[in-house]
Every structure is written in C-alpha cells, then in structure tokens.
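# Fold and geometry: a report
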Amino acid sequence: VRFNSPIYLAFLSLVMLAVWLTPARARRWVLLGASYVFYASWHWPYLGLLVGSAALNHWGAKWIVAGPANRKWRGGWVLAANVLLLAVFKYLSWMCENVNAVASLFGFEQWVSVPRWVLPLGISFYVFEAISYTVDIIRKRERIHSFWDFQLFIALFPKLIAGPIMRAKELLPQIENPAKRLSSTSFLDGLWLIAAGLFLKVVLADGIAPSVDQAFARPYESVGATDVWLMAVAFGLQIYFDFSSYSRMAIGSARLCGIELVDNFNYPYTATSPVDFWNRWHMSLSRWIRDYLFFPLLGKKATLGAMCRAALISMTLCGIWHGAGWPFLLWGLYHGVLIAGYHVLTYRQRTAAPSGAPPDAGPRAGTQLIAMLVTFGLVSLGWALFRSASTAQALGLVSRALMPWEFRYRALSGTFYMHAAVLTLAVWAAPLAAAAVRRVAQSYDSLAAAATSWVVQGGMIGAMLVLCLIYLRGQTAFIYFQF
Amino acid sequence: MADPEIAESKPFDSGSARLIVVLGTAILVLVLAEWASSRLVGEPAAAEATRVIQRPDNVTILLKDPAKLPPPKAGRSVWLLGNSHTYALPGMKQGDPLRTDEEGILLDELASRCAAGAGPAHADFYLLSYPNFLPFEMLTRVGHLLYHEHRPNVVFLGLTWRNIARDSQLRHEVYTAYRDQGFADAFPAMLADPKIDAGDEIIEQVRNQQRRVAREHELERLRSDSDRLDEALTHWAEEHLTLMGKSAELRATIFRVLTDRVQRLWDDRTTVKYSYDLVEADYAFNVACLRTLVRLLRQNGATVFCYFAPERSDLPPLMDPRRQEEFIATFHREAGELGITILDARGVVPNEFWGWVGDSPDRSHFTEPGHQRLAQFLLEQAARQAAWKELSEP
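An account of the accompanying structure is given in this report.

About the cut-offs
- Residues numbered from 1 in each chain as written.
- Chains lettered and ligands numbered in written order.
- Predicted model: local features only at pLDDT ≥ 70, side-chain atom pairs only at ≥ 80, totals over all residues.
- Heavy atoms only, no water.
- Helix = DSSP H or I, 4+ residues; strand = E, 2+ residues; numbered from the N terminus.
- Contact = heavy atoms within 4.5 Å.
- Areas by Shrake-Rupley, 256 points an atom, 1.4 Å probe, with all protein chains shown as cover.
- Buried area = accessible area lost by both parts, 1.4 Å probe.
- Salt bridge = Lys/Arg side-chain N within 4 Å of Asp/Glu carboxyl O.
- Polar contact = N/O pair within 3.5 Å; in protein donor to acceptor, adjacent residues only side chain to side chain.
- Nonpolar A, V, L, I, M, F, W, Y, C, P; charged D, E, K, R; others polar.
- Core = buried A, V, L, I, M, F, W, Y, C linked by side-chain atoms within 4.5 Å.
- Buried < 20%, exposed > 50% of the residue type's maximum accessible area, 1.4 Å probe, protein only.
- 1 Å grid on protein atoms, 1.4 Å probe; cavity = no way out; pocket = protein on both sides within 12 Å on 5 of 7 lines; lining within 4 Å.
- Points joined across faces, edges and corners; volume = space filled by probe spheres on them.

### A few points about the overall build of chain B
Along the backbone of chain B there are 14 helices and 10 strands. Across chain B, the fraction of contacts at a sequence separation of at least 24, relative to all contacts at a separation of at least 6, is 81%. Looking at chain B as shown, the accessible area adds up to about 18900 Å², and 54% of this sits on carbon and sulfur atoms.

Quick look at the structure:
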C-alpha cells in the first residue's frame, strides 16, 4: 500500500491499463476491484471493516431519508456509529492507558486491560468521508447513490489511506458519469504528479528524515534553543514533503484512472497568518473541520468569543484526529490558540470595514514578508509538539526554544543546519518558480517552443525518476499512514 | 514545489505529439542515467577486485556487523579500540581520499612489532574501532564481545576529545547487536553488577534499544504479503539496474559533490570544516559510559591503557576545547580507582605525519610513519608498566 514501492507502481500500471481498456460504464468495477485488492493486500481481515463501514453509511442514509420527520435523530445514530468505530479502533487503547495511569496513582496497577489491535489503515480518512456524507444527507444536500458506487466512493484506492478527504458531490458524479475517453493530457499530468510526488518523498522527505529522527531521539535536555528551532523546522519540512508527496501521488494515480481528486496543499509555508496556513495545509481536512465542526460550533452569531471558542474546540479535535496521544492534542490546542489569537488581533479591523467598501491595496510586501516569517516560526514551533514522543518532551522542547539562555550552545551538526536551510529556501522559492514556469508555458506561440517545453518536462520527469531510483532505500512509510 | 503547467491548451497542442515527446525524453534520460551510472560505479577493475589484504592469522579486524562475530580463541589477546585514527590512513596529497583498511595501520604495527620482540609474540590482536569510538557504541560492542566469551588481556583504548564531548548516538550497525536476544537480556544485568555500577541513565539507554528491537518485531509481525512481494521485486530491480543496485555508491558521490560545493560557498577556509559546541548532557553521558566501559574490561581481567590520541597542532580545534584539560585531569585522578593506566599521546605524531582528506587537511588520520610512532610509544609504555608479564612474554 506504499506509493513509494515498486509493487505499487506495478499495481498502478496494471490498473491503469485495465481502466483504459475498459468501456467507461464498466470502469467502476475495475476500480472497485482494484481498491479492494489494494486494501486487502495490507491486512485482508480489515477489508470487511471497510466494506462494512461503507455499507452501514449507505443503509444509514437510506434509513435517514426514509423517515423525514426523524431525520436529525436518525442521523445522530448513524453519526454516533461512525464516531464509535473511530473511537474503538483509534482511541480505545490510548484511553485505557490513561485510565490505567490515573488508577496507578491510587494503587491499582493495570486496572483495565489495554487492547493491542492494529490500527486499520486510512480509518480516520474514510470515516470522515462517511460522516460528511451523512451530515449532507441530514442537511438534504446529498442524495442516495447506488450501493456499489458508494462503496467505490469510500474505497477508491488512491485516496483511501491518507486522503485527500473527498466529498460525495465531488467524487460520486465522476463515478456515475465517467468521461467517455481518457485523454493523453490527463495521463501526462498524472505521470508528472507521480514523478514529482516520488521525488518529494524519496529524495527530500526521506533525505532529511534520519537527521530529524536522530535529533528527536536525543534527551530534550541535551539540545539548545537553536537546535529545537532547527528540529521543528526540519520536521515541518519533512512532514510537508512527505504528506504533500503522498497527496500528489494520490491525485496523480487517480488522474491516470480518469478521476479528479481535490488538491491538498497550496504552498503552506508562505502563509501569512495561522488562518491562511490552514487554508493551504491539508486543505481537504481543513475544509472538513471548517464545515462540519467550526461553523456548527460558531452558530449563527459570529461574535469574537464564539469564534475563539469554536477555533479552540475544532482545532483541538483536529489535533486529536491526527493520533491518540497528548502531544497531538497539545498541537491542536496550540493551533486553536494561534487562530483565536489571530481573530482577537484582527477582529476590530475586520468588523470596522464598512460592508461593500472597495478592497484596499492590501498590505505591503515588507509587511507580508514579516507576516510570513512570523507564521512560519509559529507553525514550526507547533511541529516540535507534534513530533514529540511524550508530553514531557513536547513541553521541554518548546520551553527550551523560548528561553534566551538556551541559545548558548548547539548540539546538532552544521550539515543538518545547512540541509534544513537549503530546503526552507527552496520551499519559499517554489511559488515564485511555479509562477515563472507558468508564464513561460503560456507565452509559447509556436510548435517549436511548445516542443521545447515538452522536452523540458520529459527531462524533468526522467531526472526525478533517476533520483528516486538512486534514493529509494528500504521501505519507508508515509507519516500520515499512522493517522 | 513547482508544478510547471506546461499543458496549457494551444491550437497546435497535439495531445499525442506531446505524449510521445515527453515520454520519449523521460525514457531517454533514464536510459542515459543507467548507462552513465554503470560507467561511474561499475564493477571494480580486475586487479582492484582481487586485491585482498592478507593479514597474519593472529591479526583480526572485527567488522561492525555483530552477526559476523568470529568464535573466541583460547589464547591471549590484545584489543585496540579507538576512533578512525586506528584504522584509516589519510590521502597523501590534496584531493586524495581517505584510505581505509590498508596495510600499515596501528594494529598491523602493534602486531608486527610484537612479533619482532617488542611485545607478546603469540597473542591475538583485535581491532574493534569500527564505526568509530563513541562511548555508548563501544560499550555495546565490548559488552557483546564479552557476552560471547571473548576475553582481552590487554586493551589499548584511544580517546579523542571530540568523541567524548560530542553526541552520544548509536549507529545502526552497532544497534543490531541488541537483536541478539541473549545479549540484550543479559547486558542490563552485566551493567547493574555492583562492581560495574553503570548509572541508571546507561541502563535506561540499553532498555531503549530493547524496546526498539521489540518495535521491530512488531513491525515484522505486521508485514503483509505485499511487503514481501515488494521486497522480492526491489531485489530483482537491484540486480538488474545499476541505479538501484549501486545506489549507495551513487548517493555517496552525489553527497560528496554537493557538500563540497556548498561548503565552498559557505566557507572558503580549507582548514575548518565544522565546529561543534560541547553539549553538557552528551558529555556527562559519554564520560559515564567510558567509566563503565573500563570497569567492565577490568572486571573481565583486562589490563587497560587509555591514551589520549595524537592531535594535529597546526589546525584550530574542531570541538570546543575549553573542558578538555579538565576532562584529562579528572580521568588522570580517577585512573587509580579504576585500575587503569592513562597515557598522553597527543604530541607523539608531529604535524608532518598528517595528510589530506579530499581538499582539506586531515585532522583525524596520520600516515604510516605516524602509526609506527604511536605503536612504538604504546608498546614502550606497556612494557614499562609490565603489561606483558601476565602474557608471559617477552
């Protein structure tokens, strides 16, 4: 199930070939079969869980629609079943461990036994898709689809393990009315996305991962403040390359099979505020949190207090969604505080602007740059919380990063600093480079110029694949697989 | 990263033409890269491939892979522990690479001089310096050897300040010793022995490695059939593609070229590559490991000589040197209690016996004559301390 493995690339090639050779109407069966094989190849008993979860939501939706008077009440039961599924498989062990920890304070050792089952891959993602569908059914924004189309909506292999989290209205129409012909443009776009994604994962994310792992394995007392900032920035880069590469490969794989998935990243480290960051980072999750948590929590009156409360609750839940552990909860809370703080700082400015007033010229470049750097620093510090193995390490690292006297020494190597600095500059320069490439691509007006750009694109795909072959070492999992 | 959106629709933008050009170019690049890499890191020339250093039977370099540990010999043995100054030789002129596993390293000198009468002629000589001397790593290696009934009579332990004061990592090759279940179970008890008295921190570090092995087993348990198929496919690709089969060499080449270039942009001085600050927690842990290591060796009957390894005096220090003298003085004070002999060999190899590593003057390795001087110094000191007496030689 790893996209960065030869077996996946072989599997994808076979599926793509089958999809391209199959008539449009039958394509869904090829994709559904491939998705089931893909999931079963990891741990076949959990295929039942996946199919069962999709079936439960399909029949649940029918049950909700069948009783218009009890729509909310019935919907509540279906939603509760989804939350229960997630709670049992993802959080029960952690909850039991915490119960035992508290019980041990009162002299009860191992008060409850801790279940040690395997976390079903992708459960957080497919349960969120199912919840969004059920809520849309309750809100009468979605209709009942065929059982097998809904199964494919939940199980579609490119996005099954780690998203992007799709909405029914985005994916089901593509399943129900597939394009008659698959274009060479979508093939090349898919190929480009897969090559770029592989490069980001194998060369950049896995390249910096050993240094990050080694640094976070050290006792936190042994690193200086500069080191903590380096570790936080480096892990921020690693997880960005890792997850955005997965998303690219997912989108690329789907495109090869004639399916469009939503984008997940938009240069998040160039964000100029915490809210802007979340509009650019894991966008499919952000909009899920916004639409199904933040807005319902906000209610009809968007007062400052309500906004702060909604931000704190929804971001804390977003944190715990990432994993069963206190560091994730702290990370979510931290982002909730950042967003609430941002609302507090900008509330007056936003409410003072008369409605219908023409937009002003916007902040100057210098202000934008400062805002970007501050946001980058704040977001990076959060990564130290996220990556920590324990609450003590999380708090220890963050407190060291903020103590002036801890800047006296550094423990990590100059090569690591250089590596992170080069990657950070590359990440900041990426949007400018992309814009320049776009300008050049739009300016060609002859076949020769177009052919040159095709050769450049082919050369880049080839070069990235060469580097991937050289740097493909061992089997490294994507970070987001564990969520 | 950037996605060049080259696929803007143009009147002449023929989809199939684009497909052919892009795919063709990508395949061409792959084929060219495969051809170039096979030329760059192809099979070694016949003369080079057959060149295997033949050392005498009593001279053994113990490889870093714990699984390749030879069976213990019944006779007397001398162990040499240290960082790369014990096993590598520098380039002879600027631009030359480091020479590893060559004849004329310290171990060869010690053995040949003993054979010539400067020490015990019938002892076995072991070098266990790979992959360098970091105290927790060496404690692990020595513990593993002792667990497997290897017993040294005399140990030379070469210390450098930067190995004591810098990080305390455990590299993968050494970590694999903890996959030896018997050793992993026995080692904490060995360390907790009141005569060894390793601190809680060291024992906890050992337990961390046990937990790491347990996690590995758990991952192994979770391995699916597709993982196994993937491994087989990867193995097949490694056998047929130089880009994958020789990827380690290619990565090393890329790293060397890149870091050299960036380093030159960063800092045009050729004398200093990196500088390290002392990290108090690492330093304290490393010193605790070193104490435990010598206690463990003493407890198992070895005569231990700790020497401060030769240093090059014409280069600025790589590591913050402010605590070095304090460390040396402390260790001198503790020598009696630990039952070891401390030797100061820092000035034994003059600057003219040091060479180059790539474009930089080498600060870690000295030439063959340097190794001869250090060997002579160590053997003389050992003879002065009557270390060979119990080996009944000479």
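### Remarks on the interface of chain B and chain A
Listed by partner, the interface residues are 56 residues for chain B and 66 residues for chain A. Interface of chain B and chain A: buried area, both sides summed, is about 5400 Å²; carbon and sulfur atoms make up 67% of it. For the pair chain B and chain A, the number of links is two salt bridges. With its nearest N and O atoms 2.1 Å apart, the salt bridge here joins R218 of chain A to D282 of chain B. There are three residue pairs in polar contact (both at pLDDT 80 or more) connecting chain B and chain A. Listed by contribution, the elements that provide at least two residues to the side of chain B that touches chain A are α1 (15–40), α9 (225–240), α10 (242–245), α11 (247–266) and α12 (280–299) of chain B. Of all the elements, α1 of chain B adds the most residues to the side of chain B that touches chain A, at 13 residues. In the side of chain B that touches chain A, the residues fall into 31 nonpolar, 11 polar and 14 charged.

### Quick word on the nonpolar core
Counting residues in each nonpolar core, the largest one holds 163 residues, and the members touching the most others are Y39, F153, F157, Y269 and W383 of chain A. What F153 of chain A contacts, discounting residues up to four positions off in sequence, is E129, Y133, K159, M166, R167, A168, L171, L172 and I175 of chain A. Within the second largest apolar cluster, 55 residues are counted, among which are V155, A184, V287 and A302 of chain B.

### Some words on empty space enclosed by the protein
Inspection of every chain in the model, using the stated rule, returns four cavities of 30 Å³ or more. Here the largest cavity is characterised by a volume of approximately 120 Å³. What lines the largest cavity is a set of 15 residues, and nearest its centre among them are L63, K64, P66, R141 and H144 of chain B. By residue class, the composition of the lining of the largest cavity is eight nonpolar, two polar and five charged. Here the second largest cavity defines a volume of roughly 70 Å³. Along the walls of the second largest cavity sit A24, R27, R28, L31, Q174, I175, P178, C257, G258 and I259 of chain A, which together make up its complete lining. For the lining of the second largest cavity, the secondary structure elements donating two or more residues are α2 (27–43) and α8 (168–176) of chain A. Ranked by residue count, the leading element in the lining of the second largest cavity is α2 of chain A, at three residues.

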